[in-house]
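Here are the chains, one letter per residue:
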Amino acid sequence: MDDRQREIPEGGLFMKDGFIDQVGPSSELPETADEVLDLKNYIVFPGLVNTHHHFYQTLTRAIPAAQDANLFTWLKTLYPIWARMTAEDIFISTQTALSELALSGCTTASDHLYLFPNGSKLDDEIFAAMEIGLRIQASRGSMSLGESKGGLPPDSVVENEDSILKDSQRLIQEYHDPKPGAKVQIVLAPCSPFSVTGELMKQSAGLAREYGVHLHTHLAETEDEEQFCLEKFGHRPVGYMQEVGWMGADVWFAHAVWVNDEEIQTFAKNRCGVAHCPSSNMRLASGIAPVMRYRAADVNVGLGVDGSASNDGSHLLAEVRQAMLLARVNEGIHGYSLSNDVNRKLMTARETLYLGTRGGAAVLGRGDIGSLEIGKCADFFAINLNRFEFAGAQLDPVSAAVFCQPVNVDYTVVGGKFVVKDGRIFTVDHPKLIEKHNKAAKRLSQV
Ligand SMILES: [Zn+2]
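About the cut-offs
Residues numbered from 1 in each chain as written. Predicted model: local features only at pLDDT ≥ 70, side-chain atom pairs only at ≥ 80, totals over all residues. Heavy atoms only, no water. Axes fitted to C-alpha atoms, helices over the stretch in contact; angles between N-to-C directions. Helix = DSSP H or I, 4+ residues; strand = E, 2+ residues; numbered from the N terminus. Parallel < 35°, antiparallel > 145°, perpendicular 65-115°, else oblique. Left-handed = near helix turned anticlockwise from the far one by under 90°. Contact = heavy atoms within 4.5 Å. Nonpolar A, V, L, I, M, F, W, Y, C, P; charged D, E, K, R; others polar. Donors = N, O, S within 2.8 Å, 3.2 Å for Na, K, Ca; no water. Tetrahedral: all angles 85-135°; square planar, octahedral: opposite > 155°, others 65-115°. Buried < 20%, exposed > 50% of the residue type's maximum accessible area, 1.4 Å probe, protein only. Expected span 1.5 Å × (residues − 1). Pairing = 2+ DSSP bridges. Salt bridge = Lys/Arg side-chain N within 4 Å of Asp/Glu carboxyl O. Core = buried A, V, L, I, M, F, W, Y, C linked by side-chain atoms within 4.5 Å. Phe/Tyr/Trp six-rings, centres within 6.5 Å; stacked < 30°, edge-to-face > 60°.

Engineer: What am I meant to see in the packing of helix α3 (residues 122-132) against helix α4 (residues 161-175) here?
Structural biologist: A pair of packed helices is captured by two measures, namely the crossing angle of their axes and the spacing between those axes. Two elements in contact, α3 and α4, have axes separated by 11 Å at closest approach and are oriented at 25°. With respect to their mutual orientation, α3 and α4 come out roughly parallel. Our pair here, α3 against α4, has a crossing hand that is right-handed. On α4, the residues that touch Leu122, Asp123, Ile126 and Phe127 of α3 are Arg170, Leu171, Glu174 and Tyr175. Looking at side-chain class alone, the contact of α3 with α4 contains 5 nonpolar, no polar and 3 charged residues.

Right under this line is the structure:
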């Protein structure tokens, strides 16, 4: 995933102090090191970058009452359950989601936590992430527009805007690390047009820019959100973002499904990024994001697993595959099989891998991750090619990792440290974690 898109047979990495020191054919690398990992017969990829998630939702996966509903109904079913979460629940669910992500090749994950019931804080997520070892873009989400003011969430889960801003500032000061190799960065992330006020959007943007942190929100996810924005603000979602000052390379939007050509150009001109979440968009019947058109307009696009109550998994390599397949569905809908245009190509496995690595890094504004190059973070994952899933696919192992059944990876290394080793999560006692997680999920769903 370097600028030349090199693929190095018999290649290797030499890493030092958490960064890549040399990359090339193994025969040209130093013969000794403090630790040598022999990955003969494995394929090594740059660590995947997850640009949108709600870790806490791993506690409410496949809830029967929310299985077959659209976004607004799904949210209204789940808000009261989420309102019962504690600090411990945030901690446990973060570790579960990050373990799943690590096992699917992810090394950096953004998370969007936007409700803080019963004294829970973003700190609970950050501490949990530090133990697992993945890099995290922890988004201080927020909701301030409750039902009584015309918003979607019940008043019981919204916060006062002054305390949101105060807590956002505290988190930036306490945790945000702007340096290359950062393990924790803070993002400000009012939840969505239908759950915060325009005033909070503006104030959050002002605060974020004062400290140089990024901004994130859900946008143009569904058609009913578009109607909501037109009725409430007199703008389509993208126009509303322009009005509240949410344009720039420091802004990325989750979903961005319902956009027209002019709005795609607005994103391109302002360097806004998009977190594409194909499984969630399919699961909630939200629609299909125009990823090929974003790419053609040079908009930065990354991938996100979203959820995990709208996916309901955190497998990022599987999401790479979904992105490729859904882009092809979209081409089919728009007459691909009838087209005689030889230049009209389907989205390739390599392109979607790019979205999952360099694309995601660009969306998050991180130049230190996303490729295996000298000076970048020593973040990679490796898959043993001798397995049923890849049997018969030896001609092109890079594509096989996307075209074939998505697998759990054998190694995930972040900053030169193992997070997954020999196919198992290395940094947490996983049977114990699953047990705690299931107990917490059961408690939450009992009314
Ligand atoms: Zn989301």
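Engineer: When you look at the coordination of the zinc ion in this model, what are you seeing that I'm missing?
Structural biologist: The expected angle between donors at a tetrahedral four-coordinate metal is 109.5 degrees. At an octahedral six-coordinate metal it is 90 or 180 degrees. Around the zinc ion, the protein supplies His52 (NE2), His54 (NE2), His218 (NE2) and Asp306 (OD) as donor atoms, at distances of 2.1 to 2.6 Å. Bound by 4 donor atoms, the zinc ion shows angles of 85 to 176° at the metal and therefore irregular coordination geometry. Each donor residue of the zinc ion belongs to the same chain, and together they define the spacing H-x1-H-x163-H-x87-D. Taken as a pair, His52 in the loop between β4 (48-50) and α1 (71-82) and His218 in strand β8 (residues 214-219) lie far apart in primary sequence, 166 residues in all. Take His52: its relative accessible area is 0%, and that puts it in the buried class. Relative accessible area serves as the criterion here: at 7%, His218 is assigned to the buried category.

Engineer: It is not clear to me how helix α5 (residues 198-211) should be interpreted in this structure. Could you clarify?
Structural biologist: Structurally, the α-helix is built with 3.6 residues per turn, so residues lying three or four positions apart point the same way. The end-to-end C-alpha distance of α5, which contains 14 residues, comes to 20 Å, matching closely the 20 Å that a straight helix rising 1.5 Å per residue would cover. If you check which residues of α5 are buried, you get Gly198, Leu200, Met201, Ser204, Ala205, Leu207 and Ala208. The elements touched by buried residues of α5 are β6 (135-142), α4, β7 (184-190), β8 and α7 (237-243). Phi for Gly212, located one or two positions after α5, is positive at around 70°.

Engineer: Teacher, can you tell me more about the environment of Lys121 here?
Structural biologist: With respect to the secondary-structure elements, Lys121 resides in the loop between β5 (106-113) and α3. Residues Lys121 and His54, spaced 67 residues apart in sequence, show a C-alpha to C-alpha distance of 14 Å. Apart from the residues within four sequence positions on either side, Lys121 is in contact with Ile90, Leu113, Phe116 and Arg170.

Engineer: Would you mind going over the sheet that holds strand β15 (residues 424-425) with me for this structure?
Structural biologist: Two strands in a sheet stick together by hydrogen bonds in their backbones, pointing the same way (parallel) or opposite ways (antiparallel). With antiparallel pairing, the 5 strands of this open sheet are ordered in space as β3-β12-β13-β14-β15. In the strand order of this sheet, the two ends are held by β3 (42-46) and β15, each with one partner. Sheet topology note: the strand β12 (residues 380-384)/strand β13 (residues 411-414) ladder contains 3 bridges and is antiparallel. Of the residues in β13, the one forming a bridge with Ala382 is Tyr411.

Engineer: Can you help me understand the pattern of salt bridges in this one?
Structural biologist: Oppositely charged side chains may form a pair once their charged atoms are brought near each other. By the definition in use, this model includes 26 salt bridges. In this structure, Arg293 engages Asp261 in a salt bridge whose closest nitrogen and oxygen atoms are separated by 2.9 Å. Of this pair, Arg293 sits in helix α10 (residues 291-296) while Asp261 is found in helix α8 (residues 261-270), placing the two residues 32 residues apart along the sequence.

Engineer: Explain the nonpolar core to me, please; I cannot follow it from the model alone.
Structural biologist: A general trend in soluble globular proteins is that nonpolar side chains are found buried together. Counting residues in each nonpolar core, the largest one holds 118 residues, and the members touching the most others are Trp74, Trp82, Phe267 and Ile383. Examining the composition of this core, we find that 8 residues originate from one element, α1, more than from any other. Not counting chain neighbours up to four residues away, the residues in contact with Trp74 comprise Gln57, Ala66, Ala69, Trp82, Arg283, Leu284, Ala309 and Ser310.

Engineer: Is there a simple way to explain the packing of aromatic side chains in this structure?
Structural biologist: Geometry of an aromatic ring pair is reported as the spacing of the ring centres plus the angle between the planes. Counted under the stated rule, the structure contains 15 aromatic pairs. Judged by centre distance (6.1 Å) and plane angle (70°), the ring pair of Phe418 and Phe426 falls under edge-to-face. The exposure class of Phe418 is buried, given its relative accessible area of 15%. Feature note: the residues Tyr56, Trp74, Tyr79, Trp82 and Tyr114 constitute an aromatic cluster, connected by ring pairs.

Engineer: Is there a simple way to think about the packing of helix α11 (residues 316-333) against helix α12 (residues 349-364) in this case?
Structural biologist: Closest axis-to-axis distance for the α11/α12 pair is 9 Å, and the angle between their directions is 130°. Relative to α12, the element α11 is oriented oblique. When you trace α11 past α12, the crossing you get is right-handed. Contacts between α11 and α12 pair Val320, Ala323 and Met324 from the former with Ala349, Thr352 and Leu353 from the latter. Taken together, the residues of the contact of α11 with α12 sort by class into 5 nonpolar, 1 polar and no charged.

Engineer: Explanation requested: the side chain of Ser139 in the structure shown.
Structural biologist: Within the secondary structure, Ser139 sits in strand β6. The contacts of Ser139, once residues within four sequence positions are left out, are Ser110, Asp111, His112, Leu113, Leu122, Val187, Ala189 and His216.

Engineer: Quick question: what am I supposed to make of unusual backbone geometry here?
Structural biologist: With the exception of glycine, the majority of residues adopt a negative phi angle, and the majority of peptide bonds are in the trans configuration. Across the junction of Asn311 and Asp312, the peptide omega takes the value 0°, indicating a cis bond. By the element assignment, Asp312 lies in the loop between β11 (301-303) and α11. Even without being a glycine, Glu10 presents a positive backbone phi close to 55°. With respect to the helices and strands, the residue Glu10 is situated in the segment before β1 (11-16).

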